Amino acid sequence: MEVVAYLRSAALVLAFVATAFSSRRVWMLADQVGLFTFGLGFYLIPGYLLQFQTNGTIDGLHLFIGRFLGGTMMGQAVMSYKLGKSKDPAVIGMLFTLRTAGCMVLLVMMIANGLLFSGEQQGQWNEQYVWFSLLGAVLWMVGNLIHLIQIRDFGVLTVGCTRMENHLRLDFFWHFVLIFLHIVFTEEMGSITVPRNTFDGLHVSVNQTMGVLVLIGSLFSLVATGFRQPEDKRSACLGSLVMHGSYVFLILWGIVITKEQPFQTGLFNTVTSGLPLINFLSAYFIEPKTKES
């Protein structure tokens, strides 16, 4: 490996050691800043972050999916930041529980993709995938697990049927089904949403990574219906607003400005991302704020 590759891996390990064994507040801040920074990087410069980890050239679809992944990461970071300020132990407990479970699923999937899609061919992962992305996923999981096992009070979730909770339930059902289909039938669903006949390992891997993160976000929507404080429910909505807002912007940009998306696939993507955006705009800005209990 080149010197810069060693420096990247060393930076990840040093950041982990400095924050994972500190207080929960320090780890959560590092988690949120790191997730938002990498998300912003994938949104703005996906070609750079993907190129050094793969063989061959990066095409427009790689960039498109990479930017979707970046928007997902930024939305998750915003939601984690807002929920991390909650004083309800149930919110913190569920935040670490779902984040740790999501990291475990993501890690298994990344290992499988590393074994299936590594080699010298176009669109295959190289060793930098192991020493950067896979290493980062391992450290992310371990850090969350360390703080999860230190939690002693997981609080109590309640069951309600307010309009805000129905907005959150609708988001869960919509995304759970849609993303499950994307993860299991990646190429088939991809052929519906993008104008392409064949997909390489990089297309599949990045799309599945985004799918896992969105799936965890949908589970946050489900458990958020049981949060006792209305502001915590709104925090879950805000993260999804950032995520879906970034999606719709990318789709419309591809249809109107760059002309990279045909109208039919662009319309399908706009509907699948726009409906959840409208749902959360209604929940966050239109639903009346109720007093906290």
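Right, let's walk through the structure included here. (Residues numbered from 1 in each chain as written. Predicted model: local features only at pLDDT ≥ 70, side-chain atom pairs only at ≥ 80, totals over all residues. Heavy atoms only, no water.)

### What to know about the overall build of the chain
- Assigned secondary structure in the chain consists of 11 helices and zero strands.
- When the helices and strands of the chain are listed from N to C terminus, the series reads α-α-α-α-α-α-α-α-α-α-α.
- Looking at the chain residue by residue over its 293 residues, the buried ones come to 55%.
- Across the chain, the fraction of contacts at a sequence separation of at least 24, relative to all contacts at a separation of at least 6, is 82%.
- Working note: accessible area of the chain is about 14,000 Å², and carbon and sulfur atoms make up 71% of it. (Helix = DSSP H or I, 4+ residues; strand = E, 2+ residues; numbered from the N terminus. Buried < 20%, exposed > 50% of the residue type's maximum accessible area, 1.4 Å probe, protein only. Contact = heavy atoms within 4.5 Å. Areas by Shrake-Rupley, 256 points an atom, 1.4 Å probe, with all protein chains shown as cover.)

### Re the pattern of salt bridges
- Scanning the model with the defined rule gives four salt bridges in all.
- One salt bridge in this structure joins Glu165 and Lys233, with 3.6 Å as the shortest N-O distance. Separated by 68 residues along the polypeptide, Glu165 in helix H7 (residues 163-184) and Lys233 in helix H10 (residues 230-257) bring together distant segments of the chain.
- Glu231 is the partner of Arg234 in a salt bridge, and the nearest nitrogen-oxygen pair spans 3.7 Å. Of the two residues, Arg234 and Glu231 both sit in helix H10, three residues apart, roughly one turn of that helix. (Salt bridge = Lys/Arg side-chain N within 4 Å of Asp/Glu carboxyl O.)

### Some details on the environment of Val108
- Along the polypeptide, Val108 turns up in helix H5 (residues 89-116).
- The class for Val108 is exposed, based on a relative accessible area of 58%.
- C-alpha of Val108 to C-alpha of Leu134: the two residues are 26 residues apart in sequence and 9.9 Å apart in space.

### As for the packing of aromatic side chains
- Counting across every chain of the model gives 12 aromatic pairs.
- Ring plane angle 20° and centroid distance 4.2 Å describe the contact between Trp125 and Tyr129, whose orientation is recorded as stacked.
- Trp125 sits in the buried class, given a relative accessible area of 5%.
- Three or more aromatic residues joined by ring pairs make a cluster, and in this case those are Phe38, Tyr48, Phe52 and Phe132.
- When the ring centre of Phe52 is taken as reference, the NZ or CZ atom of Arg8 above it lies at 3.9 Å. (Phe/Tyr/Trp six-rings, centres within 6.5 Å; stacked < 30°, edge-to-face > 60°. Lys NZ or Arg CZ within 6 Å of the ring centre and 35° of its normal.)

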